[in-house]
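A closer look at the structure
Spelled out, the chains give:
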Amino acid sequence: INLDFDRKNYSLKEINFSDIRQQLKWLDQQVDHFDFSNKDTFGQRYWVVDQYCNKKYKRVILQICGEYTCVGVNPKRLFPVQLAEKYEALYVVLEHRYYGESQPFGQQDWTTERLRFLTIQNALEDMAYFIKYINKQYEIEDDAKWVTVGGSYPGALSAWFRYKYPHLTKGALASSAVVNAILDYDKYDYQVGQSFSKSGKWCLENVQELYRYVEKILTDQQQSQAFKALFNATGLTDQQFLLYIADIQAGFVQTGQRSEFCLKMKDKKLEERIKSFITIAEKSDTKAEEFTFAFAANTTYDPSKSQRQWLYQTCTQMGWFQTCLLYTSDAADDLLCVDLGGRRIIKKKNSHMKI
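Residues numbered from 1 in each chain as written. Predicted model: local features only at pLDDT ≥ 70, side-chain atom pairs only at ≥ 80, totals over all residues. Heavy atoms only, no water.

1. Thoughts on the overall build of the protein
Across its full length, the protein holds 12 helices and eight strands. Counting contacts in the protein only where the partners sit at least 6 residues apart, residues at least 24 apart contribute 69% of the total. A total of about 18,700 Å² of accessible surface is found on the protein, and carbon and sulfur atoms cover 50% of it. (Helix = DSSP H or I, 4+ residues; strand = E, 2+ residues; numbered from the N terminus. Contact = heavy atoms within 4.5 Å. Areas by Shrake-Rupley, 256 points an atom, 1.4 Å probe, with all protein chains shown as cover.)

Below is the structure:
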């Protein structure tokens, strides 16, 4: 697809987040795009950065937010803004329905009944309506080139949108996009393990050794509670705690910070790596409370939380339940679980998995 981009020059200008002038705005969005008798609307947040465009609005980059509270321009993810600067594009960011402050039922509780409009189909229709809305608001001509950008679940949305609405966009950047519904998603942790190995075999081995240590600690109830207390995670079951530990490490890989994580663990004894990991956990956005059954069952509206909504989405449409790889050799079965650096699900030889 010809986007009139200069394929010979890929250099991008460094941009300071403090120099970006973004405007927070709202639009009235349909609650249900598929029931024409339902006229209910809700306020959906979006952000606009127009300081780089040439005011003719020939190119527009749409950054898709996903299963989290959107902040507009992400200070840790300035690549799309750099593209907007280079190609003189209008840059817009759209918050996903049911996350942050874009709530179809306002501040009412997230009961299962009220979550029924949280679907991929409605999210894609939100994007389609948003593009038409922006075209009208900014008097953007029909020949303008729209490109959607997203990573992980928003990456899948970017790919799906390009497939379903080819008349509204000219291209899509879909980074780490899982475009298929997968129930038993062991490939996630396989990739995490492969990524750790890119820093060196030592990094993956450090991760696996840390897991073996944690699993050993969890076999002693007294030591287990004392160790969980170091992470403010005494309310977690053993398996919830293992999932929590896994998500922290996987998060570094998924967000492009794998090298940083591995270097913090390099050339250290196990005890030192554990101390370093505790510090990492304290600073992480991944919180232990999010892995409890009570947290997922809590229907109280809180714009900073997203676990209940995301669990609803994965349960109803996508799966993506991240399990560890299974091996059938006797040597592998002698371990609780053999994995390549991801989450650990307790397993016994010749028995069913216990989740």
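2. A few points about the environment of Phe 291
Positionally, Phe 291 belongs in the loop between helix H9 (270-283) and helix H10 (293-297). Distance in space between the C-alpha atoms of Phe 291 and Leu 243 is 7.7 Å, their sequence separation being 48 residues. Ignoring anything within four residues of it in the chain, the contact list for Phe 291 reads Leu 236, Gln 240, Leu 243, Tyr 244, Asp 247 and Thr 286.

3. Some words on helix H7 (residues 238-254)
End to end, H7 covers 24 Å across 17 residues, agreeing with the expected 24 Å (1.5 Å per residue, within 8%). Every buried residue of H7 is listed here: Gln 240, Phe 241, Leu 242, Tyr 244, Ile 245, Ala 246, Ile 248, Gln 249, Ala 250, Phe 252 and Val 253. On its buried face, H7 is in contact with helix H4 (187-198), helix H5 (201-217), helix H6 (221-229), helix H8 (258-265), H9 and H10. The first or second residue beyond H7 is Gly 256, which carries a positive phi of 75 degrees. (Expected span 1.5 Å × (residues − 1). Buried < 20%, exposed > 50% of the residue type's maximum accessible area, 1.4 Å probe, protein only.)

4. Quick look at unusual backbone geometry
Its identity is not glycine, yet Glu 88 carries a phi of approximately 50 degrees, on the positive side. Its location among the elements puts Glu 88 in the loop between helix H1 (79-86) and strand S4 (90-94). Take Glu 88: its relative accessible area is 39%, and that puts it in the partly exposed class. Its identity is not glycine, yet Trp 320 carries a phi of approximately 60 degrees, on the positive side. On the basis of relative accessibility, which here comes to 10%, the residue Trp 320 falls in the buried class.

5. Section: the confidence of the model for the protein
When pLDDT is averaged along the protein, the result is 87, and 88% of the positions lie at 70 or above. Scored below 50 in pLDDT, residues 326-355 shows 65 contacts in the model against residues more than four places distant or in partner chains. (pLDDT = per-residue confidence, 0-100.)

6. Regarding the side chain of Arg 59
Structurally, the position occupied by Arg 59 is in strand S3 (residues 59-64). A distance of 2.9 Å separates a polar atom in the side chain of Arg 59 from the backbone oxygen of Tyr 87. (Polar contact = N/O pair within 3.5 Å; in protein donor to acceptor, adjacent residues only side chain to side chain.)

7. Here we look at the environment of Ala 172
Considering the arrangement of structural elements, one finds Ala 172 in strand S6 (residues 171-175). Taking the C-alpha atoms as reference points, Ala 172 and Phe 161, 11 residues apart in sequence, are found 8.2 Å from one another. Once residues within four sequence positions are removed from consideration, Ala 172 is found in contact with Val 147, Thr 148, Ser 158 and Arg 162.

8. Describing the packing of helix H2 (residues 120-137) against helix H3 (residues 153-164)
H3 packs onto H2 with a crossing angle of 70 degrees between their chain directions and a minimal axis gap of 10 Å. Relative to H3, the element H2 is oriented roughly perpendicular. Judged by the twist between their axes, the crossing of H2 over H3 is right-handed. Where H2 abuts H3, its residues Ile 120, Ala 123, Leu 124, Met 127, Ala 128 and Ile 131 lie against Tyr 153, Leu 157, Trp 160, Phe 161 and Lys 164. Within the contact of H2 with H3, the residues separate by chemical class into 10 nonpolar, no polar and one charged. (Axes fitted to C-alpha atoms, helices over the stretch in contact; angles between N-to-C directions. Parallel < 35°, antiparallel > 145°, perpendicular 65-115°, else oblique. Left-handed = near helix turned anticlockwise from the far one by under 90°. Nonpolar A, V, L, I, M, F, W, Y, C, P; charged D, E, K, R; others polar.)

9. Some points on the packing of H5 against H7
H7 packs onto H5 with a crossing angle of 160 degrees between their chain directions and a minimal axis gap of 11 Å. As the angle between them shows, H5 and H7 are arranged roughly antiparallel. Of the two possible hands of crossing, H5 and H7 adopt the one that is right-handed. Across from Val 207, Leu 210, Tyr 211, Val 214 and Glu 215 in H5, the residues of H7 making contact are Phe 241, Leu 242, Ile 245, Ala 246 and Gln 249. By residue class, the composition of the contact of H5 with H7 is eight nonpolar, one polar and one charged.

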